[in-house]
Amino acid sequence: MTDFAATKALFHLPDGIVYLDGNSLGPLPRAAAARVSQTVTDEWGEMLITGWNKAGWMALPMALGDRIGRLIGAEPGHVVTGDTLSIKVYQALASALAMRPDRRVILSDTGNFPSDLYITQGLVKMLGDGYELRLVAPEEVAEAITDDIAVTLLTEVDYRTGRKHDMAALTAKAHAVGALAIWDLAHSAGAIEVDVAGAGADFAVGCTYKYLNGGPGAPAFIYVAPRHADQAPPALSGWLGHAAPFAFDLDYRAGAGIERMRVGTPPILQMRALDCALDIWDSVDMAALRARSIELSERFIAGVEAACPTLTLASPRDPQNRGSQVSFRFDQGYAAMQALIDRGLIGDFRAPDIMRFGFTPLYLDEADIDRAIEIIADVIDNALWDQPQYMERKAVT
Ligand SMILES: Cc1ncc(COP(=O)(O)O)c(C=O)c1O
Ligand SMILES: Nc1ccccc1C(=O)C[C@H](N)C(=O)O
């Protein structure tokens with residue numbers, strides 16, 4: 001069993017703040033500042049370039065990949081970290097398309113995060129030759145998996161509503177028509193139980209700055225199923241994905257397995273912060289985490305619905321069909337979210353009218369949820385959002 005009171009003590013949360021936005025940026029693990037500082041002074045400072053060997057910097061992308069692998073049900077040695085999620089989406093998609101050379105259609109849904117769609121649009125344009133992004137509504141994905149599909153590119157948990165796709169069923173459907181399945185786990189890794197191997201996913205990608213708490217700019221990860229690992233052509237063939245980077249050959253030869261998905265120099269300071277955050281995850285049982293996340297989310301939904309009849313639940317009511325976030329629709333959602341933040345409750349707003357709240361059992365408990373409900377009730381029922389300063393849109397929402 002996981003001791004969630006103990007994990008809560010391992011995070012720094014500012015006084016007076018209830019943080020329901022760990023689904024966008026996780027909070028600071030208390031040990032991270034010292035760990036990063038030590039890397040700066042003792043490793044970078046003292047070891048200089050010898051740190052790549054002496055401090056194990058060059059091995060970090062794979063070591064971190066394995067620690068994340070446990071959380072997403074990957075086989076050891078099949079996940080690597082680096083770059084940003086948008087780049088990992090590009091890599092997975094380009095590789096998968098190259099593995100289905102006689103097909104041209106990429107299937108995704110209108111609930112997908114825009115970066116995944118933009119990356120796909122860019123790649124489709126560059127490839128030309130009849131390539132096409134086909135978008136359907138999330139609930140129509142299953143029936144849209146037809147035998148002209150090359151690749152399905154789906155985000156398991158919808159960033160706006162929290163609606164969760166059935167990864168195993170949709171992957172099986174994709175395979176049945178000869179397509180490959182790529183899963184974006186941005187809102188799944190560290191949020192719910194994930195079993196990429198069990199579901200038969202061909203590729204999976206995700207970020208580490210949300211539920212995994214790796215910090216702003218923390219590296220992304222990519223998983224390639226063992227059956228493809230030595231065949232998948234790496235789309236971004238950088239030197240650190242080469243079979244022998246320090247041979248400095250003039251021609252590219254892909255590295256073994258997942259190593260080929262490395263591109264260039266890893267961001268060591270960010271990786272140390274992530275390493276520190278993953279120390280906390282080592283003690284976490286994912287089934288216990290999921291049970292606790294459902295408990296806290298259900299308490300939140302019941303409390304908000306009882307107190308605020310003007311908010312409508314945008315997330316699936318059945319917890320089995322959602323990830324670890326809860327969203328409500330409110331036409332003045334932007335202003336309302338600013339008013340909540342002003343009163344110490346941090347969530348976020350997603351256009352056009354979604355107020356989004358993330359549930360992260362590592363550092364949230366019932367007292368936080370009850371306090372959040374109180375603040376929401378105060379802001380909504382007393383229309384405290386109706387102030388000009390809450391209407392002004394900020395650059396980042
Ligand atoms: C589902 C999903 N995919 C892709 C991204 C883009 O990730 P990044 O900004 O790290 O490239 C995000 C969030 O930003 C996301 O939520
Ligand atoms: N990386 C960010 C930087 C700044 C502001 C938000 C993000 C997010 O990650 C947004 C997230 N993908 C979302 O689901 O809305």
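Residues numbered from 1 in each chain as written. Chains lettered and ligands numbered in written order. Predicted model: local features only at pLDDT ≥ 70, side-chain atom pairs only at ≥ 80, totals over all residues. Heavy atoms only, no water.

Visitor: Can you explain the site of ligand 2? Please cite residues and give values.
Guide: Neighbouring ligand 2 are Ser-24, Phe-113, Tyr-159, His-187, Tyr-209, Lys-210, Arg-350, Arg-356 and Val-396. With respect to ligand 2, the side chain of Lys-210 contributes an N or O atom lying 2.7 Å from a nitrogen atom. Arg-350 has a polar side-chain atom sitting 2.8 Å from an oxygen atom of ligand 2. Considering ligand 2 on its own, with 370 Å² of exposed area, one finds that the protein chains cover 67% of that surface. (Near = heavy atom within 4 Å. Polar contact = N/O pair within 3.5 Å; in protein donor to acceptor, adjacent residues only side chain to side chain. Areas by Shrake-Rupley, 256 points an atom, 1.4 Å probe, with all protein chains shown as cover.)

Visitor: Got a sec to walk through the domain arrangement of the protein? Specific residues and values, please.
Guide: Partitioning the protein into structural domains gives domain 1 (4-28 + 285-391) and domain 2 (33-281). Centre-to-centre, using C-alpha coordinates, domain 1 lies 28 Å away from domain 2. If you look at the interface, domain 1 gives 33 residues, while domain 2 gives 22 residues. Here domain 1 and domain 2 share zero salt bridges between them. Across the contact surface, domain 1 and domain 2 share eleven residue pairs in polar contact (both at pLDDT 80 or more). Among the elements of the structure, α12 (286-307), β12 (325-329) and β15 (354-358) are those that each provide at least two residues to the side of domain 1 that touches domain 2. In terms of residues, the side of domain 1 that touches domain 2 owes the most to one element, α12, which gives five residues. (Domains from an automatic or database assignment. Contact = heavy atoms within 4.5 Å. Salt bridge = Lys/Arg side-chain N within 4 Å of Asp/Glu carboxyl O. Helix = DSSP H or I, 4+ residues; strand = E, 2+ residues; numbered from the N terminus.)

Visitor: Tell me about the packing of aromatic side chains, residues and numbers included.
Guide: Taken as a whole, this structure holds eleven aromatic pairs when the rule is applied. For the ring pair Trp-239 and Phe-248, a centre distance of 6.2 Å and an interplane angle of 20° mean the geometry is stacked. Their ring planes at 85° and their centres at 5.4 Å tell us that Tyr-334 and Phe-349 sit as a pair that is edge-to-face. Here Phe-349 lies in strand β14 (residues 348-350) and Tyr-334 lies in helix α13 (residues 333-342), a separation of 15 residues in the sequence. In this structure, Tyr-334 and Phe-349 share a single accessibility class: buried. (Phe/Tyr/Trp six-rings, centres within 6.5 Å; stacked < 30°, edge-to-face > 60°. Buried < 20%, exposed > 50% of the residue type's maximum accessible area, 1.4 Å probe, protein only.)

Visitor: Outline the sheet that holds β14, supporting the account with residue identities and numerical values.
Guide: Strands sit in the order β11-β12-β15-β14 across an open sheet of four strands; the sheet is antiparallel. Sheet topology places β11 (312-313) and β14 at the edges, where each strand pairs with a single neighbour. Docked against the sheet, α13 engages β14 and β15, running at close to 40° with respect to β15. (Pairing = 2+ DSSP bridges. Axes fitted to C-alpha atoms, helices over the stretch in contact; angles between N-to-C directions.)

Visitor: Could you give me a rundown of the sheet that holds strand β6 (residues 132-136), with the residues and numbers involved?
Guide: Across the sheet, which stays open at both edges, the seven strands sit in the order β4-β10-β9-β8-β7-β5-β6 with mixed pairing between neighbours. Every interior strand has two partners, whereas the edge strands, β4 (79-81) and β6, have only one. Each strand axis lies, on average, 20° off the axis of its neighbour in the sheet, ignoring direction. With three bridges joining them, strand β8 (residues 180-184) and strand β9 (residues 203-206) adopt parallel strand pairing. Paired with Ile-182 across the strands is Phe-203, a residue of β9. Packed onto the sheet, helix α5 (residues 85-98) meets β5 (105-109), β7 (149-155), β8, β9 and β10 (221-224) and runs at close to 170° relative to β9.

Visitor: Mind laying out the UniProt feature "binding site: pyridoxal 5'-phosphate" (unreviewed entry) in the protein, listing which residues take part and the relevant values?
Guide: Residues annotated by UniProt as "binding site: pyridoxal 5'-phosphate" (unreviewed entry) correspond here to Leu-85, Ser-86, Phe-113, Pro-114, Ser-115, Asp-116, Thr-155, Asp-184, His-187, Tyr-209, Trp-239 and Thr-265. Judged by maximum C-alpha separation, these annotated positions cover 181 residues in sequence and are scattered in space, the widest gap reaching 30.3 Å. Checked against the element boundaries, Ser-86 lands in helix α5. Those residues in contact with Ser-86, other than ones at most four positions away along the chain, are Ser-115 and Ile-119. Within the fold, Thr-265 resides in the loop between α10 (226-229) and α11 (268-281). Given the relative accessible area of 54%, Thr-265 is considered exposed. (UniProt positions renumbered as here; feature names shortened; annotations may be inferred.)

Visitor: Lay out the pattern of salt bridges with the relevant residues and their values.
Guide: Under the counting rule described, the total for this entry stands at 27 salt bridges. We note a salt bridge from Asp-148 to Arg-134, for which the minimum N-O separation is 3.0 Å. Of this pair, Asp-148 sits in the loop between α7 (141-144) and β7 while Arg-134 sits in strand β6, and the two are 14 residues apart along the sequence. For Asp-148, a relative accessible area of 30% gives the class partly exposed. Residue Asp-348 is joined to Arg-356 by a salt bridge in which the shortest nitrogen-to-oxygen separation is 2.7 Å. When sorted by exposure, Asp-348 lands in the same class as Arg-356, which is buried.

Visitor: Talk me through the site of ligand 1; I want residue IDs and the actual numbers.
Guide: Around ligand 1, a shell composed of Thr-84, Leu-85, Ser-86, Phe-113, Asp-116, Thr-155, Asp-184, Ala-186, His-187, Tyr-209 and Lys-210 is seen. A distance of 2.6 Å is found between an oxygen atom of ligand 1 and a side-chain nitrogen or oxygen belonging to Ser-86. For ligand 1, an oxygen atom lies 2.8 Å from a polar atom in the side chain of Tyr-209. Calculation on ligand 1 without its partners gives an accessible area of 390 Å², and the protein chains cover 84% of this total. Across the shell around ligand 1, the residue classes break down as four nonpolar, four polar and three charged. (Nonpolar A, V, L, I, M, F, W, Y, C, P; charged D, E, K, R; others polar.)

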